[in-house]
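So the chains spell out like this:
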Amino acid sequence: MTDKPNIFSFATSELSQDAFIAWLLCWADKKYADVDPQLHQCGRKLVQAFFEKHQKPVPDYSSAVVTRQVSNIDVLCELDEQYAILVEDKTHTGAHSNQLERYLDAVIKRGYGREKILPIYFKTGDQSCYEAIHSKGYQPFLRQDFLQVLRAGKGVSSDVFQSYFSHLQHLEDQVESYRTKPISEWGWHSWIGFYKALKQHLGEGNWGYVPNQSGGFLGYWLGFHGVCHVQLANNQELRFRISVKDASQRSALRQQRFKQIAQNSESFGFKTKKPPKFGSGESMVVALLDAPDFRQQDENGYIDMDATANLILQAKALLQRLEADAVLAKSA
């Protein structure tokens, strides 16, 4: 059976998603309970999920008044004029320009006490870290959270609902494809899913898009020890980088670190090689894993997460050793 064209494959902006969130929240109003019971229940399920994120009991509310772009707030849902759900909606961008603080202040100025406001950072794309979001009093509401709500309304007949559900599930499937595709078939979203899983596996590190003159790449970095750290890239490279602020010391330290990494890497279970060209900036690649791909695969060509994580941790351990040796040398 051929899939039908999906409007949300074209309406990909945050404004389109704002509209869908606002539309679904409107259905939580009790006046729509008999108009479409399933959509009504799904709208209330979304409200419930927001309260659960803030670990607050759901009030017995009747009205859900939803507005958009009030004081530039993406979606504001007011329940019986007693509670305000503040939704900052993001797809693939992040928070900026103190907007989270400004939106919260704007809702407080509308007469709501802080305990009656539920700030939600609604993110259907992916990002590496949410610590800054939590620090502003917002609770991240992620793609998986929204899909759980939408699955509760799987029987809804609305084409708008089903089209959005299908669109979001397709994105989730793309990100999770690192599990189901051989590594040779990975695309951009597969790498995102892999990096997310790797961060959980390692318990450290961050990932994101790194712009450069060559068009940029999706990277992962960890193991900052002294001037060194490990960087992964979606061109399959594992890189050893150094950061040196003093330009007069860069050349000597670059050569020193390359020799140290090359001389010690085999004792950590891998080989390294020179990069095609040494850089001269503040941050430089001084060595590369001598392998066509840092990702370790099983006999069927799928990712072996344990073996991959072990290799990365060994690379990190090498840098720890070099930094410890440098500290000892200075104190001698």
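Use the structure listed above.
Residues numbered from 1 in each chain as written. Predicted model: local features only at pLDDT ≥ 70, side-chain atom pairs only at ≥ 80, totals over all residues. Heavy atoms only, no water.

K.L.:
Where do I start with unusual backbone geometry in this structure?
P.N.:
Among all residues except glycine, the phi angle is most often negative; among peptide bonds, the trans geometry is most common. The backbone of Gln 55 shows a phi angle near 55 degrees, a positive value even though the residue is not glycine. For Gln 55, the position within the fold is in the loop between α2 (37-53) and β1 (64-70). Look at Gln 55 and you get exposed, because its relative accessible area is 75%. Unusually for a residue other than glycine, Ser 71 sits at a positive phi of about 55 degrees. Here Ser 71 is to be found in the loop between β1 and β2 (73-79). (Helix = DSSP H or I, 4+ residues; strand = E, 2+ residues; numbered from the N terminus. Buried < 20%, exposed > 50% of the residue type's maximum accessible area, 1.4 Å probe, protein only.)

K.L.:
I keep staring at the packing of aromatic side chains and nothing clicks. Help me out?
P.N.:
For any pair of aromatic rings, geometry is given as the distance between the ring centres together with the angle between the planes. Enumeration over the complete set of coordinates arrives at 29 aromatic pairs. Look at Phe 51 and Tyr 83: their rings are 5.4 Å apart centre to centre, the planes differ by 70 degrees, and that puts the pair in the edge-to-face class. Taken together, the residues span a long stretch of sequence, with Phe 51 in helix α2 and Tyr 83 in strand β3 (residues 83-90) at a distance of 32 residues. Taking the relative accessible area as the measure of exposure, Phe 51 reaches 0% and is therefore buried. The exposure class of Tyr 83 is buried, given its relative accessible area of 17%. Taking 5.2 Å as the distance between ring centres and 50 degrees as the angle between the ring planes, the aromatic pair formed by Trp 186 and Phe 194 counts as tilted. With respect to class, Trp 186 is no different from Phe 194; both count as buried. Directly above the ring of Phe 217 sits Arg 239, whose terminal nitrogen or CZ lies 4.7 Å from the centroid. (Phe/Tyr/Trp six-rings, centres within 6.5 Å; stacked < 30°, edge-to-face > 60°. Lys NZ or Arg CZ within 6 Å of the ring centre and 35° of its normal.)

K.L.:
Could you clarify how one ought to interpret the nonpolar core in this entry?
P.N.:
One recurring pattern in soluble globular proteins: nonpolar side chains tend to sit buried together. Membership of the largest hydrophobic core comes to 43 residues, with the highest contact counts inside it found for Phe 194, Leu 198, Leu 232, Leu 238, Phe 240 and Phe 294. For this core, the elements supplying multiple residues, two or more each, are α6 (159-175), α7 (188-202), β7 (217-225), β8 (228-233), β9 (238-243), α8 (250-264), β11 (283-289) and α9 (305-331). Among the elements that make up this core, the one with the highest residue count is α9 (nine residues). With residues near it in sequence (within four places) discarded, Leu 238 still touches Val 230, Gln 231, Leu 232, Ala 287, Leu 288, Leu 289, Phe 294, Ile 312 and Ala 315. Formed by 37 residues, the second largest nonpolar core is a distinct cluster that contains Ala 22, Val 47, Phe 51 and Phe 122. (Core = buried A, V, L, I, M, F, W, Y, C linked by side-chain atoms within 4.5 Å. Contact = heavy atoms within 4.5 Å.)

K.L.:
What's the story with the sheet that holds strand β4 (residues 117-123) in this structure? I'm lost.
P.N.:
The pairing of strands in a sheet happens through backbone hydrogen bonds and is either parallel or antiparallel. Strand order in the open sheet formed by five strands is β1-β2-β3-β4-β5, with mixed pairing between adjacent strands. Two strands lie at the open edges of the sheet, namely β1 and β5 (139-142), each paired on one side alone. Averaged over all pairs of adjacent strands, the angle between their axes in this sheet comes to 25 degrees, without regard to strand direction. Of the strand pairs in this sheet, β3 and β4 are connected by seven bridges, and their pairing is parallel. Across the sheet, Leu 86 pairs through a bridge with Pro 119, a residue of β4. (Pairing = 2+ DSSP bridges. Axes fitted to C-alpha atoms, helices over the stretch in contact; angles between N-to-C directions.)

K.L.:
How should α8 be read in this particular structure?
P.N.:
Since the α-helix packs 3.6 residues into each turn, any two residues three or four apart lie on the same face. Between its first and last C-alpha atoms α8 spans 21 Å; for 15 residues at 1.5 Å apiece the expected length is 21 Å, and the two agree. Considered for burial, the residues of α8 that qualify are Arg 250, Leu 253, Arg 254, Arg 257, Phe 258 and Ile 261. The buried residues of α8 occupy one face: seen down the axis, they fall within an arc of 135 degrees. Facing away from the buried side of α8, by more than 90 degrees, are the exposed residues Ala 252 and Gln 263. (Expected span 1.5 Å × (residues − 1). Arc of directions from axis to C-beta.)

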